[in-house]
Amino acid sequence: ITNANETALTHAVDADLTAVRYAQLGAQADLGRGVTVGLSWRDSFQLELGIDLALRGRIVAGPAANPNSIMVLGAYSLVSRTLTAYQPQQWALGAAWEINPRWRVMVDLTWARWSDYENPTSSLQTRLDLTVPTELTGLLRVPAIPPSAPREAMRFHDTLVPRVGVEFTVPWGGRHALQVRAGYAWDPSPVPEQAGVTSFYDSDRHTVSAGLGLTLRRLGAVVPGAVRVDAHAALQILPDRAFALGSPADPTGDVVAGGLAAAADATASMEFE
């Protein structure tokens, strides 16, 4: 117990990684006059992390080989379950209207079922068993394991997310084209006011985006089809949202959530004839 270099520890790890599968379905209809509508459904999925730990050993005060050394046999177990990722069930209804060869407008509305979201904090169960020799029962008391923090219901609510996009096409050189795009989305937060032991902070999300697309057709015998290059940038704006926990004894205190998040991407594709 006083010399860590003489401690012998053997261990084994048994890991199991299982893929998460979920269903997706969609349908699209062309209504004519440049109008297309679509409906899609995506099932929910969640990724859980489970840890089962068992530690068995003996605490020896004195030489381990000496039968007169004081020995305490013990076992410690831990079972932990944590929700590490979650995607809500979603229904999305969208439409695109090609007003003319240059203008196209797209809108969609997505319902997300956040009310099924479970508390992601760890569910922890621990146990400590020590076999204390009778001559030490009056001197050594088995330490008590503090109880796990309560896991509260999330009380998230479902959300409706509207999106709109506009695309303007500029013909170029008779066969090439340049597309200019812009979009906006409003993603309301599913998080209610927080006042529990575990708190989750979030804000509404406004996303504005802009993009360019370039289509080059019939560049020669090597590329008889089309080459497409697209690039976009998006900015997510999270307005400040104050969470007043209402308890002077709370170690965190009142919180204001908000911020900005930027993203950019580019893709290239080739079409063969």
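Figured I'd write up the structure that's included with this text.

Cut-offs used in this document
Residues numbered from 1 in each chain as written. Predicted model: local features only at pLDDT ≥ 70, side-chain atom pairs only at ≥ 80, totals over all residues. Heavy atoms only, no water. Helix = DSSP H or I, 4+ residues; strand = E, 2+ residues; numbered from the N terminus. Contact = heavy atoms within 4.5 Å. Phe/Tyr/Trp six-rings, centres within 6.5 Å; stacked < 30°, edge-to-face > 60°. Buried < 20%, exposed > 50% of the residue type's maximum accessible area, 1.4 Å probe, protein only. Patch = residues over 30% accessible without salt bridge, like charges linked within 9 Å, V, L, I, M, F, W, Y side chains within 5 Å. Areas by Shrake-Rupley, 256 points an atom, 1.4 Å probe, with all protein chains shown as cover. Salt bridge = Lys/Arg side-chain N within 4 Å of Asp/Glu carboxyl O.

1. As for the environment of Pro171
Its place among the elements puts Pro171 in strand S8 (residues 159-172). Considering only alpha carbons, one finds Pro171 and Pro101, 70 residues apart in sequence, at a separation of 9.5 Å. The residues touching Pro171, leaving out its near neighbours within four places in the chain, are Arg102, His176 and Ala177.

2. Things to note about the packing of aromatic side chains
Evaluation of the coordinates by the stated rule reveals nine aromatic pairs. Ring geometry for Trp41 and Trp91: centres 6.3 Å apart, planes at 45 degrees, overall tilted. You can see Trp41 sitting in strand S2 (residues 35-42) and its partner Trp91 sitting in strand S5 (residues 90-98), a full 50 residues away along the chain. You can call Trp41 buried: its relative accessible area is 19%. Here Trp91 falls in the partly exposed class, since its relative accessible area comes to 38%. Ring geometry for Tyr86 versus Trp114: centroids 5.9 Å apart, planes at 50 degrees, classification tilted. Highlighted residues: Tyr86 in strand S4 (residues 70-87) and Trp114 in the loop between strand S6 (103-112) and strand S7 (123-131), separated in sequence by 28 residues. Linked through ring pairs, Tyr86, Trp114, Tyr117 and Phe156 together constitute an aromatic cluster.

3. Comments concerning a nonpolar patch on the surface
A surface patch of nonpolar side chains, amounting to about 640 Å² of accessible area, comprises Val107, Val164, Tyr184, Trp186, Val208, Leu235, Ile237 and Leu260. Counting residues per element, the ones that place at least two in the nonpolar patch are strand S9 (176-187) and strand S11 (226-243). Secondary-structure assignment places Leu260 in strand S12 (residues 255-271).

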